[in-house]
Amino acid sequence: MDPLFRKAMRDLRGQTIWWGVGMAFLLGITVALFPSVSDIYSDIFEELGDEWAGFVGDGDFNTLEGYLSAEFFSFAQIALAVFAILAGGAAIVGEETQGTMDLLLAQPVSRLRVVLVKLGALVASITIILAITTLGFLIPVLFIDEVNAPGRIAVAFLLFLPFEVAVALTAALLAQLFGSRVVGGSILAGLLVASYMLDALSGVDATLESLRPVYLTSYYQGQQALNGDVNWAYVGVSLAAIAALGVANVVLFLRRDIAVNGILRLPKPRLRGSS
């Protein structure tokens, strides 16, 4: 194994394990509760009507797939995006702010190798988190035997990967552009939260529904996979974005002077009375 890749994975080891275990535990508890709460949930949502169903997503709460669509997959992409933003923002710029990038590049390694290793470790860490999370689903399912459409659930888990990788690469690119993982991460987090809220509300508002291609969270189709209604065009856009973002990160790192804070600058507010 490449020693640089091994070091990059070691740097992400703690975050990867704890995020994976945390998501697996949350999902495992959610699945284990299904037999005892599915009928209650189904009755509640029947009384609330179609408007509320449109907000949380269409799904049959009498099935594990419909239950998970609302109780886990409706928000899990945002939870995992927190890791993607933090790890993505620190993947390249983190070494620069700690002052270790100059030391690393002083060794007989090329910039291209460094950036490819950093981005590769980022993708590998996200994949490991998703694998651990999947175990959190598989273990309780062995005891409740409630899976009606295993193929749909498998697709829902797989569709996490392109979305979260795209988020991580976007965070890495913004961190390079602004020279700050905090600024880049804050911008991306704000866009994701706004997209999530508008995407959720689009189920009950026709105007917001027509704007769905604008919302970043629309490009995660895992929840739709559970209901058998995946829009593969969105998935294709995510894959294309991964390729474009990967190339942009590599080109920018190869050409950027790492001694400079960033290419883009946010305007600083002027205090009253200052000249």
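For clarity, every value in this text was computed on a predicted model and none was experimentally measured.

S.K.: If you had to explain the overall build of the protein to someone new, which residues and values would you point to?
M.R.: On a plain count of helices and strands, the protein comes out with 13 helices and 0 strands. Considering only residue pairs separated by 6 or more positions, the protein has 79% of its internal contacts joining residues 24 or more positions apart. Carbon together with sulfur atoms contributes 66% to the accessible area of the protein, which is approximately 14,100 Å² in total.

S.K.: Pulling in residues and values, what's your account of the nonpolar core?
M.R.: Membership of the largest hydrophobic core comes to 70 residues, with the highest contact counts inside it found for L68, F73, F137 and F160. With 12 residues, helix α7 (residues 111-144) is the largest single contributor of residues to this core. In contact with F160, not counting residues within four places along its chain, are F72, F73, A76, Q77, L80, L130 and Y220.

S.K.: I'd love a proper account of the layout of surface pockets, names of residues and values included.
M.R.: Quantified by volume, the second largest pocket comes out at close to 290 Å³. The set of elements that each furnish at least two residues to the lining of the second largest pocket consists of α1 (3-48), α4 (76-91), α5 (93-97) and α7. Counting residues per element, the lining of the second largest pocket draws most heavily on α1, at 5 residues. Within the lining of the second largest pocket, the residues separate by chemical class into 8 nonpolar, 4 polar and 5 charged.

S.K.: Quick rundown of helix α13 (residues 232-255)? Include the residues and the values.
M.R.: Each α-helix winds once per 3.6 residues, and so residues spaced three or four apart point in a common direction. With 24 residues, α13 extends 35 Å from end C-alpha to end C-alpha; this agrees with the ideal 34 Å at 1.5 Å per step. Against the buried residues of α13 lie α5, α6 (101-105), α7 and α9 (160-178). Regarding α13, its N-cap is N231, as a side-chain oxygen of that residue lies 3.1 Å from the backbone nitrogen of A233 further along.

S.K.: Just give me the short version of empty space enclosed by the protein, but keep the residues and values in it.
M.R.: Applying the stated criterion to the full structure yields 2 cavities of 30 Å³ or more. By volume, the largest cavity amounts to about 70 Å³. Taken together, L4, K7, A8, D11, E95, L104, V114, V117 and K118 make up the lining of the largest cavity. Of all the elements in the fold, those that place two or more residues in the lining of the largest cavity are α1 and α7. Looking at the lining of the largest cavity element by element, the count peaks at 4 residues for α1. Across the lining of the largest cavity, the residue classes tally to 5 nonpolar, no polar and 4 charged. As for the second largest cavity, its lining consists of L80, F83, A84, I126, I129, L130 and E164. Of all elements in the fold, only α4 and α7 reach the threshold of two or more residues within the lining of the second largest cavity. Across the lining of the second largest cavity, the residue classes break down as 6 nonpolar, no polar and 1 charged.

S.K.: Mind laying out the packing of aromatic side chains, listing which residues take part and the relevant values?
M.R.: Geometry of an aromatic ring pair is reported as the spacing of the ring centres plus the angle between the planes. Using the criterion set out here, one finds 11 aromatic pairs in the structure. Note on F73 and F157: the rings are 5.3 Å apart at their centroids and 75 degrees apart in plane angle, and the pair reads as edge-to-face. Here F73, found in the loop between α3 (64-71) and α4, pairs with F157, found in helix α8 (residues 150-158); they are 84 residues apart in sequence, far enough to count as distant. The buried category is assigned to F73, whose relative accessible area is 0%. Its relative accessible area of 8% is what places F157 among the buried residues.

So, how was this worked out
Residues numbered from 1 in each chain as written. Predicted model: local features only at pLDDT ≥ 70, side-chain atom pairs only at ≥ 80, totals over all residues. Heavy atoms only, no water. Helix = DSSP H or I, 4+ residues; strand = E, 2+ residues; numbered from the N terminus. Contact = heavy atoms within 4.5 Å. Areas by Shrake-Rupley, 256 points an atom, 1.4 Å probe, with all protein chains shown as cover. Core = buried A, V, L, I, M, F, W, Y, C linked by side-chain atoms within 4.5 Å. Buried < 20%, exposed > 50% of the residue type's maximum accessible area, 1.4 Å probe, protein only. 1 Å grid on protein atoms, 1.4 Å probe; cavity = no way out; pocket = protein on both sides within 12 Å on 5 of 7 lines; lining within 4 Å. Points joined across faces, edges and corners; volume = space filled by probe spheres on them. Nonpolar A, V, L, I, M, F, W, Y, C, P; charged D, E, K, R; others polar. Expected span 1.5 Å × (residues − 1). Polar contact = N/O pair within 3.5 Å; in protein donor to acceptor, adjacent residues only side chain to side chain. Phe/Tyr/Trp six-rings, centres within 6.5 Å; stacked < 30°, edge-to-face > 60°.

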